[in-house]
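Residue strings, one per chain:
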Amino acid sequence: MANSRGLLPGSAGMLLLQLLSEGDLYGYQMTEELRRRSDDTFVMKAGTLYPILHGLEQEGKVESYERQSEGGAPGKPRRYYHITRTGRAALRQQRSEWERLSGAVNAVLGKAFLTCPALERGRA
Amino acid sequence: MLPETLQQWLEQALAQLRCRRAEASVRAELEAHLSEQYGALLARGLPAEEAAAAAAREMGDPVLVGGGLDRVHRPRPAWGQVAAVGALLLAGALLRCAVDREAAGAAVNSAAAWLVVPKGFWGVLLAVAPALLLLVLAARFFDITLLERHTGKLYAVFCVLAVVCFTAGARVGGRFYYGAPLALLFLPLYAALLYRQRGKGIQGLLTGCFGAAPGLAVCLLTPHLEMTVLLGLCCLAVCLWCCAKNWFGLGARASAAAVLAGAALAAVALGILILNGGTLQYYFGRLQAAMDPASDPMGRGYLPLYVDLMHRASVPLGQGLDPAALAAGDVQYPAGFVFSSVFVRDGYQLSYLAWRLGVLPAALLALAVTAVLALLWRAALRTHNALGRMLGIGCAALLSGQYALNLLLNCGLPVSGGFLAFAGSGGAMLCAQALLAGLMLSAFRLDPVVGDPALRRPAVPAPPLPEGARVAYRDGVLSIRFRR
């Protein structure tokens, strides 16, 4: 994940739920999709991904099933994940919390930028 | 086949998993991820050794990965559920001790006397509840996947036990004593049989339908009509759950229609058996006695009369009135009517408790049993493992059905087969209930670990919706996005 880990508590689960809300994926697909969409900002390693995924499954937010992957080796089913109704509700809640938090951070940063003397001298 | 570097990475990660049961599914998933990662790097033109090393770096530290998975894949202790069942077992043992003590003629004239159990009964109190709790714990640590792997052999063992029960077992009140408890233990076997029929089409459906026959036959041969109906309904409930999940792969509605048709045929067959076997006259006689117990006060009307008397003698709190004094002068109770609680031990514990200690304590016990059953139902419906779900639903339904029959019995209705869950009398039935509870707790305990990938997903998942699209159709499955 990005170096700003301290600013993203619990956000990894939210990102995975968001990906799954748009379609069923398996583990490797999720890491690649996350990397692609974030322009390589979020690089989620397996060590982070699978404990979170399995934890989400235990909480009932996602469920897994086996299916032949479209591009995978023939005869080798993959374990796909699907977001549940509980997961969608959790995602909505987490998104609204994130929007509230990021809005508050932006508001503080915005005011701080406006009132910071060093920045004012920099602009001048 | 993974290169040596990645194989070592995988083994190092899996070595952190303390629960060996989770290893197979975690290994398959990590292996697939490693394989795809390695393949992608090779496709970018990296040499094999570099690609393997890069793939291992991309996966992260194997010890940390394995440690993270180990924290997730741990059996759930759920000691609260064990404690709840244990508390009921203890309450039931205390109640039985008190009833047996009174039956032995000891004087019970104050609440404090309940604590003074005559010598000889301490063994019962100290041995019965702990022994039953040990049974619960033993079943709790039993590997329920063995039920699925050895279903055929266990069915054969069940049939052998049934033969032994009917040839060498004792008979009580015209019934084979061990028939009903044995039938109780049939349900986990049936759940395992259904679990094995996943995706087997018409063959699986027929096996599932006819697979209930041995258990129902045991109930019929006992003979125990209420238990036959109860077991039949519980097997039907589990089978219909399988149909709703399209377990057999024939479509939910078609499977359910076939199962219901089969159940209707079985009900008709049972009706014919009842009409031809004279059972109908027996139940008519019991119903008549329940509606007008005074017509046969020394025969079938005795228990309904005595239970009604106990209800009338009960007070909200404390020992109730003397039944003999209450019945004095009442023509319903002829000379020779025995006012002794000895005859109401089996099945009427709630009424006896209401009379001895008050209506409130009896209501509390009933509430406690209801609460424990609700706890088991909740766990059954929340478990993700298909076998655990089937076993949980079936066993919870059976225990609840027995409890419901017991409540009806204590209300004066002419039913049998009722049993106060974990707190009734009858050693064999208590042992069977303890084993059932233990098996259910075993399924719930392993739920975080023994994941069932095919639990709730349809055979064909919904197609992903393209960007901006609201409707997509693939392989007969339509997806519609109603909101972002």
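What counts and what doesn't
- Residues numbered from 1 in each chain as written.
- Chains lettered and ligands numbered in written order.
- Predicted model: local features only at pLDDT ≥ 70, side-chain atom pairs only at ≥ 80, totals over all residues.
- Heavy atoms only, no water.
- Helix = DSSP H or I, 4+ residues; strand = E, 2+ residues; numbered from the N terminus.
- Contact = heavy atoms within 4.5 Å.
- Pairing = 2+ DSSP bridges.
- Buried area = accessible area lost by both parts, 1.4 Å probe.
- Salt bridge = Lys/Arg side-chain N within 4 Å of Asp/Glu carboxyl O.
- Phe/Tyr/Trp six-rings, centres within 6.5 Å; stacked < 30°, edge-to-face > 60°.
- Buried < 20%, exposed > 50% of the residue type's maximum accessible area, 1.4 Å probe, protein only.
- Domains from an automatic or database assignment.
- Polar contact = N/O pair within 3.5 Å; in protein donor to acceptor, adjacent residues only side chain to side chain.
- Nonpolar A, V, L, I, M, F, W, Y, C, P; charged D, E, K, R; others polar.

A.B. asks: What's the story with the overall build of chain B in this structure? I'm lost.
C.D. replies: Scanning chain B from N- to C-terminus turns up 21 helices and four strands. Sequence-distant contacts in chain B: of pairs separated by 6 or more residues, those separated by 24 or more amount to 69%.

A.B. asks: Any chance you could explain the sheet that holds strand β1 (residues 25-26) of chain A here in plain terms?
C.D. replies: Each strand in a sheet pairs with its neighbour through backbone hydrogen bonds, running either in the same direction (parallel) or in the opposite one (antiparallel). Residue and element names in this part refer to chain A. The strand order across the open sheet formed by three strands is β1-β3-β2, and the pairing between neighbours is antiparallel. A single partner strand is all that each edge strand has here, and the edge strands are β1 and β2 (62-68). Here β2 pairs with strand β3 (residues 77-83) via seven bridges, running antiparallel. Residue pairing for β3: S64 is matched across the bridge by Y81.

A.B. asks: Teacher, can you tell me more about the interface of chain A and chain B here?
C.D. replies: Interfaces are often sized by the amount of accessible area the parts lose when they come together. Tallying the contact residues gives 30 residues for chain A and 30 residues for chain B. Of the roughly 2,600 Å² buried at the junction of chain A and chain B (both faces included), carbon and sulfur atoms supply 51%. Where chain A packs against chain B, one counts three salt bridges. Between A:R78 and B:E36 there is a salt bridge, with its nearest N and O atoms 2.9 Å apart.

A.B. asks: Please explain the packing of aromatic side chains as it appears in this structure.
C.D. replies: The relation between two aromatic rings is expressed through the spacing of the ring centres and the mutual angle of the planes. Residues and elements named next belong to chain B. In the structure shown here, the tally under the stated rule is eleven aromatic pairs over all chains. Judged by centre distance (6.5 Å) and plane angle (85°), the rings of Y306 and W355 are edge-to-face. Of this pair, Y306 sits in helix α16 (residues 302-313) while W355 sits in helix α18 (residues 349-357); the two residues are 49 residues apart in sequence, bridging distant segments of the chain. Judged by its relative accessible area of 0%, Y306 is buried. Overall, W355 belongs to the buried group, its relative accessible area being 5%. Centre to centre, the rings of Y352 and W355 are 6.2 Å apart; their planes meet at 75°, and the pair counts as edge-to-face. Taken together, the positions of Y352 and W355, both in helix α18 and three residues apart, correspond to about one turn of that helix.

A.B. asks: Which parts of the structure should I look at to understand the domain arrangement of chain B?
C.D. replies: Residue and element names in this part refer to chain B. Examined at the domain level, chain B breaks down into domain 1 (4-74 + 454-480) and domain 2 (79-289 + 341-446). With four residues of domain 1 at the contact, the number on the domain 2 side is twelve residues. Together, the buried faces of domain 1 and domain 2 total about 670 Å²; carbon and sulfur atoms form 55% of this surface. At the junction of domain 1 and domain 2, the tally comes to zero residue pairs in polar contact (both at pLDDT 80 or more). Of the residues contributing to the side of domain 1 that touches domain 2, the split by class is two nonpolar, no polar and two charged.

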